[in-house]
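Spelled out, the chains give:
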Amino acid sequence: MTVRLFPVRHCGAASARALRTALDAWSPTAVVIEAPPEAEALLLDVGGGELAPPVAMLAWDRAQPERSLATPLAAFSPEWVALSWAVRSGAGLRFADLPMSRRLALASPLSEARDDQLAALGREAGWVDPAEWWAELLGTGDDDGWERARQAIRRARVHQDGPHGVRASPEDSPLEARREAAMRQVVREVVRQGHARIAVVVGAWHAPALEDLSAVGEDRRLLTGLDRVRVGVAWIPWTHDLLRVDAGYGAGVDEPAWTACWAEHGEERDVRWVGRWTAALREHGTPASAAGAADALWLATQLASLRELARPGVEELDEAVAAVFPADAVAAVRARVHGSEAMGRVPVDGAAVPLLAAARRDLRRLRLPTEPRPVPLELDLRQVTAVERSSCLHRLRLLGAGARRDEDEVRYRENWTLRWGPQQERALVASSPWGTDLASAAAMRLSRQLERDAPLAVRVAWVHDALLAGLPSVVGPALQRVEAAAGARADELLVAAAGLADAASYGFVRADRAEVGAVAGRLLRSGLAALPSTARDPAAVVLLLQALDAGRRAARLLTTEQVVWERALERLAVDPAVSPRIAGRAARMAVEDEVDVDVFAAAQRRLDPNQPDAAAAWIEGLVEGSATALVHRPALWQPLDRWLHALGPASFERVLPALHRAFASLPPTARDQLAAALAQGEVALGERAPVDGERAAVVRRGVEAWTGPLGGPSAG
Amino acid sequence: MSHLRLTAEEACADELEGLAALPGARPPGWQLTPRAVRTFLVGGELADGTVIAPKYIGDPRRIEVAIATLATDRALLLQGEPGTGKSWVSEHLAAAISGDSTLLVQGTAGTDESSLTYGWNYARLLAEGPSAAAVVHSPLLVAMRTGGIARIEELTRLPSEVQDALLGLLSEKSVPIPELGSAVRAEAGFNLIATSNLRDRGVNELSSALRRRFAVVELPAPDNAADELHIVLTRLASLAGVPVDALPAEPARALVGLFRELRAGQTAQGRPVRRPSGGLSTADAIGVLHQGWTRAQFYGDGALGPAQLADGLVACAARTEDDRHALREYAELVLAERGEAAWSEALRDRL
């Protein structure tokens, strides 16, 4: 029986290559890999065609699925090499680490040992790049190389751990001490099973701690009495981009694409890397000759020697390529060469979380794109499948996974941006307690939201959500929550009514909305009932102006409420207690909607020369944004003209800004229309005072000083 | 007799001597090791305590690419905005690598092919007929024969057909002289450093064939005020022939600040300002400071302040009437409001 330790760098290309060589040469009968033991359940999928790295083994706390830890594996991960080798060759395979059931019970399950320690060691040994250093130590992966690596790391651990012997101290790093104890336990077990040759593949830092397998009792003590939680495990696809981030192994890789190139091509990596660049440049339409590639390699080699590196790394190669080939083309294809968007594949059903599997099925059935980069999608809801796809996307949106709705202008069209990757899958894992398929999970999630106290507008949004996501069971409760919004102001009620009326009129794309329409009608009525009292509050004017628009929209959409709306308008227009701007607006709306209201009488009452401010506000309400009232009711000019003449100079100056505001807001065509009506005498104005020739001449001279001589009769 | 301006190898003779003593492999024809060239450009300290002043302040990685290029088959093209130190870097690279920075061709619209290859001494040509003694070698040919570094300033100002003369020279590394039936062939160590201005883009854009014979290194404008101030003061000290400590740092800092704000088109506080169309490069700032310094020394009481610098700033930043308006706005709105009354007034007086 022989146990051989293989200290590797997680995500280390050189380690992976050397490991493959070593496994082929030594042919172990059992392989132990640093990975969560629970994930052994996932091994059935390895070797099938449906699993392709980069992937991650995700473990989560079933009670709190948002507490999860991913163990990512790329094609160039030594762990992946080891497990595929073992599966292929039929050797025994065990995962050794602190079980996730214990680890996720800890306050912080993240590893305390980092690759930084390895990097620091490398720098001490005079290497800038720890990857290069480890590659140099391992060499081609023969026994000597692995022995050199073991000794280097043992020296470092002895130096750090000192008197404890080579093992993590339970006081300083309790998690690492327990992880190493658990790893030793698994190795002991495998030894007991009587395998002849046992390969143990672990992060380099841990290797020396697994050499001495005595002290069984101490390890058992370390591992007893730990809290535990129930965990679930599943494969999820991972991306190269995410490999940059530290994850379960506490090790990231800066340049995944480069590392992959290294793992695949070994000694030829620099040539192949430059080849990737030239291929991408040619695809981009930039001539990139072999001679240019050779120049870039030469330059990179010179650069490496200037930087005292044994051979060019990815930075030297990239810099050389950028110098040799046109800079803008290089910048344009950089993302393609560094290929950070590569994403792995996992079995659609497999051991995945039920919700996740259901979501993947839905996405596939509805032919929705599942790509890690944002994909825009336009749905025409007049098609039946589009409605189904839209519901699916709304469900995903409610679960916080991957779908973003963009602004859209047309009612029957929805614009979406889809993004599907590990984060989205994790979001679904976190949502897995809500249900086993998208509809039930989204419904449950939304129902839970309904329990919160929220302003009326949010409650209306819940109804929209329920309708759009096709969750009929939630529509009723959401409507109840809308109606239960106590103490809402008139303007809120009207806006909410308009929102629900909108929802009710989705009719032609979604199912029956009668219930929603009924609630919208009730909201509209209570809003209108509350209007007169709110309309007396000068502070609420601006909100109310918007609310009036909303109320009108609701009344039009609902059709059943037209009479109520007209009566409310009439009351606002004639009630003297309503604040003047609102009353003016109500008068105009009455004219526009052809409601039978005596606007002329209202104008006569409102245009009081003794209350210039109130009168000006009324005019502002009447005219602002639309000249309909003055165009359709020319009679209104009379009280307006009379009022204006009756104003003293001081009052006139006071109201001028408000009047200017009102008329300046009209579109140019409306202003022309009014001016033409005035010029042609279509509107009857009151008596005009005769022009004072002397004063007019003064004004004329002043104007002519600016404009040059004016034509027409000279007053004089 | 004292020369108005020393060449890089003269001015830095001590540094170069110290660096030449460093051990290590040199590419064929090089006076220094590539690492020593790097130290010469970006600064450092030798084992014997010789301090090497930095010639280029900025990202050393760019200089490394430039040096590495010169050890390969490709020529080096330094690109950048005006005043980012392209010529300065080019001169010092040549001085460090071949010990001679004077093999220079200045690119202008009137430069002809003979300035790049060879011409004739017509008196001799008439008297003796075509002979080796009658050939006048261009600086490029001299560099080829001696295995040195040649320099071309403002490569894109050369007419396109003259640029084409470089194609054969750079790929064949030899220039035939058919009249003599011979050729000048490059010795090991020969290479070429060209500079070109990003503002001149499109003047006589390099053909793609010629572009392929160069590796391009772009020198950016200094990205922070401290670096730029450092560059300005170091250069001013060498121009004025005084130590850096003797220079008035405060007005220089203020001037660099103004230059950076106007160049960026917004103030340090993020408020937008109109950018004048005139020169606002680091080199321009050095020029303005040098001029102000000289005036203060010879015509004033030696004190350097806004009054001495405003003239130069206006002269270099304002090309058009519009620019003058822009500067006036800047003086009245930004400087006055920020309480920099002296600058505000000095500028307004001159606009």
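Quick caveat, the model's predicted, so the values are computed rather than measured.

Rules used throughout
- Residues numbered from 1 in each chain as written.
- Chains lettered and ligands numbered in written order.
- Predicted model: local features only at pLDDT ≥ 70, side-chain atom pairs only at ≥ 80, totals over all residues.
- Heavy atoms only, no water.
- Helix = DSSP H or I, 4+ residues; strand = E, 2+ residues; numbered from the N terminus.
- Buried < 20%, exposed > 50% of the residue type's maximum accessible area, 1.4 Å probe, protein only.
- Contact = heavy atoms within 4.5 Å.
- Areas by Shrake-Rupley, 256 points an atom, 1.4 Å probe, with all protein chains shown as cover.
- Salt bridge = Lys/Arg side-chain N within 4 Å of Asp/Glu carboxyl O.
- Core = buried A, V, L, I, M, F, W, Y, C linked by side-chain atoms within 4.5 Å.
- Pairing = 2+ DSSP bridges.
- Axes fitted to C-alpha atoms, helices over the stretch in contact; angles between N-to-C directions.
- Patch = residues over 30% accessible without salt bridge, like charges linked within 9 Å, V, L, I, M, F, W, Y side chains within 5 Å.
- Buried area = accessible area lost by both parts, 1.4 Å probe.
- pLDDT = per-residue confidence, 0-100.
- Phe/Tyr/Trp six-rings, centres within 6.5 Å; stacked < 30°, edge-to-face > 60°.
- Parallel < 35°, antiparallel > 145°, perpendicular 65-115°, else oblique.
- Left-handed = near helix turned anticlockwise from the far one by under 90°.
- Nonpolar A, V, L, I, M, F, W, Y, C, P; charged D, E, K, R; others polar.
- Polar contact = N/O pair within 3.5 Å; in protein donor to acceptor, adjacent residues only side chain to side chain.
- Expected span 1.5 Å × (residues − 1).
- Lys, Arg positive; Asp, Glu negative; His and termini not counted.
- Charge placed at Lys NZ, Arg CZ, Asp CG, Glu CD.

A.B. asks: Please explain the overall build of chain A as it appears in this structure.
C.D. replies: When helices and strands are counted, chain A shows 32 helices and 10 strands. Looking at chain A residue by residue over its 716 residues, the buried ones come to 53%. Contacts in chain A between residues far apart in sequence, at least 24 positions, make up 73% of those at least 6 positions apart. As displayed, chain A offers around 32400 Å² of accessible surface, 52% of which is attributable to carbon and sulfur atoms.

A.B. asks: Which parts of the structure should I look at to understand the overall build of chain B?
C.D. replies: Across its full length, chain B holds 16 helices and 11 strands. Here chain B holds 351 residues, and 49% of them are scored as buried. Partitioning the contacts of chain B with sequence separation of at least 6, the portion at a separation of at least 24 is 69%. By element, 52% of the accessible surface of chain B is carried by carbon and sulfur atoms, the whole surface being about 15800 Å².

A.B. asks: I'm lost on the pattern of salt bridges in this one. Help?
C.D. replies: Opposite charge on two side chains lets them pair, provided their charged atoms get close. Applying the stated criterion to the full structure yields 59 salt bridges over all chains. Here arginine 35 of chain B makes a salt bridge to glutamate 308 of chain A, at a shortest N to O gap of 3.4 Å. Here the residue arginine 35 of chain B occupies a position in helix H3 (residues 34-42), and glutamate 308 of chain A occupies one in the loop between helix H12 (290-306) and helix H13 (314-324), the pair thus bridging two chains. Since its relative accessible area comes to 33%, arginine 35 of chain B is described here as partly exposed. Accessibility expressed as a relative area gives 59% for glutamate 308 of chain A, which makes it exposed. Here aspartate 362 of chain A makes a salt bridge to arginine 365 of chain A, at a shortest N to O gap of 3.5 Å.

A.B. asks: Please explain the environment of tryptophan 262 of chain A as it appears in this structure.
C.D. replies: Residue and element names in this part refer to chain A. In this fold, tryptophan 262 is placed in helix H10 (residues 256-265). Given a relative accessible area of 6%, tryptophan 262 falls into the buried group. Sequence separation of tryptophan 262 and glycine 12 is 250 residues, and the distance between their C-alpha atoms is 9.2 Å. Excluding residues within four positions of it along the chain, tryptophan 262 makes contact with Ala13, Ala14, Arg17, Ala131, Glu132, Ala135 and Arg269.

A.B. asks: How should the nonpolar core be read in this particular structure?
C.D. replies: For soluble globular proteins, the rule of thumb is that nonpolar side chains tend to be buried together. Judged by nonpolar contacts, the single largest core of 190 residues is most densely connected at Leu396, Leu428 and Leu500 of chain A together with Leu93 of chain B. Excluding residues within four positions of it along the chain, leucine 428 of chain A makes contact with Leu355, Leu356, Ala359, Leu396, Leu399, Ala401, Trp420 and Leu438 of chain A. Core analysis: the next-biggest nonpolar cluster, separate from the first, contains 49 residues, Val31, Met57, Phe95 and Leu121 of chain A among them.

A.B. asks: Just checking my understanding: could you explain the sheet that holds strand S1 (residues 2-8) of chain A for this structure?
C.D. replies: Paired through backbone hydrogen bonds, the strands of a sheet run either parallel or antiparallel to each other. Residues and elements named next belong to chain A. As summarised here, the arrangement of the four strands in space is S1-S6-S2-S5, forming an open sheet in which the pairing is parallel. Lying at the two open borders of the sheet, with one neighbouring strand each, are S1 and strand S5 (92-96). When the angles between neighbouring strand axes are averaged without regard to direction, this sheet yields 20°. The strands that helix H2 (residues 78-89) touches are S1, strand S2 (30-34), S5 and strand S6 (197-203); relative to S2, the one it contacts most, it runs at about 155°.

A.B. asks: What's the story with the environment of leucine 355 of chain A in this structure? I'm lost.
C.D. replies: All names here are of chain A. Mapped onto the elements, leucine 355 comes out in helix H15 (residues 354-365). The spatial distance from the C-alpha of leucine 355 to the C-alpha of alanine 439 is 9.8 Å, given a sequence separation of 84 residues. Ignoring sequence-local partners within four residues, the contact set of leucine 355 consists of Leu428, Ser431, Ser432, Gly435, Thr436, Asp437, Leu438 and Ala441.

A.B. asks: Hey, could you run me through a nonpolar patch on the surface in this one?
C.D. replies: A contiguous nonpolar patch, built from Leu644, Phe652 and Leu656 of chain A and spanning about 230 Å² of accessible area, is present on the exposed surface. Its location among the elements puts leucine 656 of chain A in helix H30 (residues 649-664).

A.B. asks: Mind showing me how you'd approach the interface of chain A and chain B here?
C.D. replies: You'll often see interface size given as the accessible area lost when the parts meet. Each side of the interface is counted separately: chain A has 18 residues, and chain B has 17 residues. Between chain A and chain B lies a buried interface of about 1500 Å² when both sides are counted; carbon and sulfur atoms form 57% of it. Linking chain A to chain B there are six salt bridges. As a salt-bridge pair, arginine 61 of chain B and glutamate 319 of chain A come within 3.2 Å of each other at their nearest N and O atoms.

A.B. asks: Looking at this structure, I do not really get the confidence of the model for chain B. What am I missing?
C.D. replies: For residues with low pLDDT, the predicted coordinates do not support detailed interpretation. Residues and elements named next belong to chain B. The share of residues in chain B with pLDDT of 70 or more is 99%, and the mean pLDDT across the chain is 87. Mean pLDDT across the elements of chain B ranges from a minimum in helix H15 (residues 321-337), with 81, to a maximum in strand S7 (residues 149-153), with 95. Across the interfaces of the predicted complex, the ipTM metric reaches 0.80, alongside a pTM of 0.63.

A.B. asks: Explanation requested: the packing of aromatic side chains in the structure shown.
C.D. replies: Two descriptors summarise a pair of aromatic rings, namely the distance from one centre to the other and the angle between the planes of the rings. All names here are of chain A. Counted by the stated rule, this structure contains six aromatic pairs over all chains. Ring centres 6.4 Å apart and planes at 55° place the aromatic pair phenylalanine 6 and tryptophan 26 in the tilted group. Here phenylalanine 6 is found in strand S1, whereas its partner tryptophan 26 is found in helix H1 (residues 13-26), with 20 residues between them in sequence. Pairing tryptophan 258 with tryptophan 262 gives two aromatic rings, centres 6.2 Å apart and planes at 55°, and the pair type is tilted. Taken as a pair, tryptophan 258 and tryptophan 262 lie in helix H10 at a separation of four residues, close to a single helical turn. Members of the aromatic cluster, joined through ring pairs, are Phe6, Trp26 and Trp146.

A.B. asks: Just checking my understanding: could you explain the packing of helix H4 (residues 60-70) of chain B against helix H5 (residues 86-98) of chain B for this structure?
C.D. replies: Two numbers describe a pair of packed helices, the interaxial angle and the distance between the axes. All names here are of chain B. It is the contact of H4 with H5, at a shortest axis distance of 12 Å, that shows an interaxial angle of 50°. Judged by the inter-axis angle, H4 sits oblique to H5. As for the relative orientation of H4 and H5, their crossing is right-handed in sense. Counting all contacts with H4, which are made through Ile63, Ala66, Ile67 and Leu70, the residues of H5 involved are Val89, Leu93 and Ile97. Residue composition of the contact of H4 with H5, grouped by class: seven nonpolar, no polar and no charged.

A.B. asks: Would you take a moment to explain unusual backbone geometry for this structure?
C.D. replies: It is generally the case that most residues other than glycine have a negative phi and that most peptide bonds are trans. All names here are of chain A. A cis amide bond links proline 53 to the next residue, proline 54, at an omega of 5°. Within the element layout of this structure, proline 54 appears in the loop between S2 and strand S3 (55-61). Its identity is not glycine, yet glutamate 308 carries a phi of approximately 60°, on the positive side. Backbone geometry places glutamate 594, a non-glycine residue, at a positive phi of 55°. Mapping glutamate 594 onto the fold places it in the loop between helix H25 (580-592) and helix H26 (599-606). The exposed category is assigned to glutamate 594, whose relative accessible area is 71%.

A.B. asks: What is the right way to read the pairing of strand S9 (residues 182-185) of chain B from this model?
C.D. replies: Side chains on a regular strand alternate between the two faces of the sheet. With four bridges connecting them, strand S8 (residues 174-177) of chain B and S9 of chain B associate as antiparallel partners. Bridge pairing in S9 of chain B places valine 175 of chain B opposite valine 184 of chain B.

A.B. asks: Which parts of the structure should I look at to understand the environment of aspartate 212 of chain A?
C.D. replies: Residue and element names in this part refer to chain A. Turning to its location among the elements, aspartate 212 is positioned in the loop between S6 and helix H8 (216-223). Residues aspartate 212 and arginine 184, spaced 28 residues apart in sequence, show a C-alpha to C-alpha distance of 8.6 Å. Those residues in contact with aspartate 212 that lie beyond four places of it in its chain are Arg167 and Arg184. A polar side-chain atom of aspartate 212 sits 2.7 Å from a polar atom in the side chain of serine 214.

A.B. asks: What am I meant to see in H25 of chain A here?
C.D. replies: One turn of the α-helix equals 3.6 residues, which is why residues spaced by three or four share an orientation. All names here are of chain A. The terminal C-alpha atoms of H25, which comprises 13 residues, lie 18 Å apart, in line with the 18 Å expected from a rise of 1.5 Å per residue. Counting buried positions along H25 yields 11 of 13 residues, so the element is predominantly enclosed. Along H25, the residues classified as buried are Arg581, Ile582, Ala583, Gly584, Arg585, Ala586, Ala587, Arg588, Met589, Ala590 and Val591. Looking one or two residues past H25, glutamate 594 carries a phi angle of roughly 55°, positive in sign.

A.B. asks: Sorry if this is basic, but what is going on with a negative patch on the surface here?
C.D. replies: Residues and elements named next belong to chain B. Among the surface-exposed residues, Asp112, Glu113, Glu161 and Asp164 lie close enough to one another that they form a single negatively charged patch. Structurally, the position occupied by glutamate 113 is in helix H6 (residues 113-116). Residue class for glutamate 113 comes out partly exposed when judged on its relative accessible area of 44%.

A.B. asks: What am I meant to see in the sheet that holds strand S10 (residues 191-197) of chain B here?
C.D. replies: All names here are of chain B. Taking strand neighbours across the sheet as the criterion, the five strands line up as S4-S7-S10-S3-S11 in an open arrangement whose pairing is parallel. Edge strands, defined here as strands with exactly one partner in the open sheet, are strand S4 (104-106) and strand S11 (214-218). Going from strand to strand, the sheet's axes swing by 20° on average, the running direction of each strand aside. For strand S3 (residues 75-80) and S11, the ladder comprises five bridges, and the chain directions are parallel. Counted as the bridge partner of alanine 75 is phenylalanine 214 from S11. Its contacts with the sheet put H4 on S3, S7, S10 and S11, and the angle it makes with S11 is roughly 165°. Against the sheet, H5 engages S3, S7 and S10, with an angle of about 170° to S7.

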